[in-house]
Amino acid sequence: AFGKAKAASTLRAALLAFALGYSLGGHAQAAGTPSFLQCDIELADASNDYVLSSRIVGPLNDFVPLCNLKALVANGDVKRIQLIDLATGIVARDWQLDSAPKVLLQIRGTSYLFATLDSNQVARVNLLTDAVSYVPLDGIARDVASGDAGQIIISHSTSNPAYLGMVSVYDIESLSLV
């Protein structure tokens, strides 16, 4: 029998697996895009429609599959977002946050990664410069999604008892409320 803490940790330890069955090559990348967001391999051909990679990477809350068998992982135990090389299992880079990351969203065509946190804020990580900025919220963030061009949508709780939750739209560059 496991103790509660050990069981929770065991349950959160995840086998990160994904299948890629589409072409990753030939996509235009924005200038200054980090190399791990540049897809320079071709996976879709008649002889190899799917490539499967599995790697135990430890506790995680969410992940974003990237190019060339890389993934961004929300590791809440150490309050970090980690770039994992799935071929080797090595943490290639990581970004320290103020609190545990929960839900990740990488904005296509940019070097931005957004992460809901287990506090009253959402983190924006610039994967190119390593800068971390925060969007303060009146409540805990539940989810983050792409909005119109240059915008993100954040679903969050609120301290106002008249509302169960809110949805707010922010500019991805200035992090100001739209």
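It should be noted that the structure appears before, not after, this text.
Nothing here was measured: the structure is a model prediction, and the numbers come from that model.

Peer 1: Help me out: how do you make sense of the sheet that holds strand β10 (residues 132-136) in this one?
Peer 2: In a beta sheet, neighbouring strands pair by backbone hydrogen bonds and run either parallel or antiparallel. Read across the open sheet, the 4 strands follow the order β7-β8-β9-β10; overall the sheet is antiparallel. Of all strands in the sheet, those bounded by a partner on one side alone are β7 (101-106) and β10. The sheet shows a mean angle of 25 degrees between the axes of neighbouring strands, taken without regard to direction. Relative to strand β8 (residues 112-117), β7 runs antiparallel, the two being bridged by 4 bridges. Bridge pairing in β8 places L105 opposite F114.

Peer 1: Hey, could you run me through unusual backbone geometry in this one?
Peer 2: Note: most residues except glycine have negative phi, and most peptide bonds are trans. The backbone of L69 sits at a positive phi, close to 60 degrees, despite the residue not being glycine. If you trace the backbone, L69 turns up in the loop between β3 (62-65) and β4 (70-75). A positive phi angle, near 55 degrees, is found at K79, a position not held by glycine.

Peer 1: In this structure, what is going on with the pattern of salt bridges? I would like to understand it.
Peer 2: A side chain with one charge can pair with a side chain of the opposite charge if their charged atoms come near. One pass over the structure, following the stated rule, counts 3 salt bridges. Two residues, D85 and K70, come together in a salt bridge whose shortest N-O distance is 3.5 Å. Linking D85 in strand β5 (residues 80-85) with K70 in strand β4, this pair joins segments that are 15 residues apart in sequence. Both residues of the pair, D85 and K70, belong to the buried class. A salt bridge links D130 to R93; the shortest N-O distance between them is 2.4 Å. With D130 in the loop between β9 (121-126) and β10 and R93 in strand β6 (residues 90-96), the pair connects residues that are 37 residues apart, well separated along the chain. Classification of R93 as partly exposed rests on a relative accessible area of 27%.

Peer 1: Would you mind showing me how to read the environment of V167 here?
Peer 2: Positionally, V167 belongs in strand β13 (residues 166-171). Judged by relative accessible area, which is 58%, V167 ranks as exposed. Counting along the chain gives 23 residues from V167 to V144, while the straight-line C-alpha distance between them is 9.4 Å. In contact with V167, other than residues within four places in its own chain, are I153, I154 and S155.

Parameters at a glance
- Residues numbered from 1 in each chain as written.
- Predicted model: local features only at pLDDT ≥ 70, side-chain atom pairs only at ≥ 80, totals over all residues.
- Heavy atoms only, no water.
- Pairing = 2+ DSSP bridges.
- Helix = DSSP H or I, 4+ residues; strand = E, 2+ residues; numbered from the N terminus.
- Axes fitted to C-alpha atoms, helices over the stretch in contact; angles between N-to-C directions.
- Salt bridge = Lys/Arg side-chain N within 4 Å of Asp/Glu carboxyl O.
- Buried < 20%, exposed > 50% of the residue type's maximum accessible area, 1.4 Å probe, protein only.
- Contact = heavy atoms within 4.5 Å.

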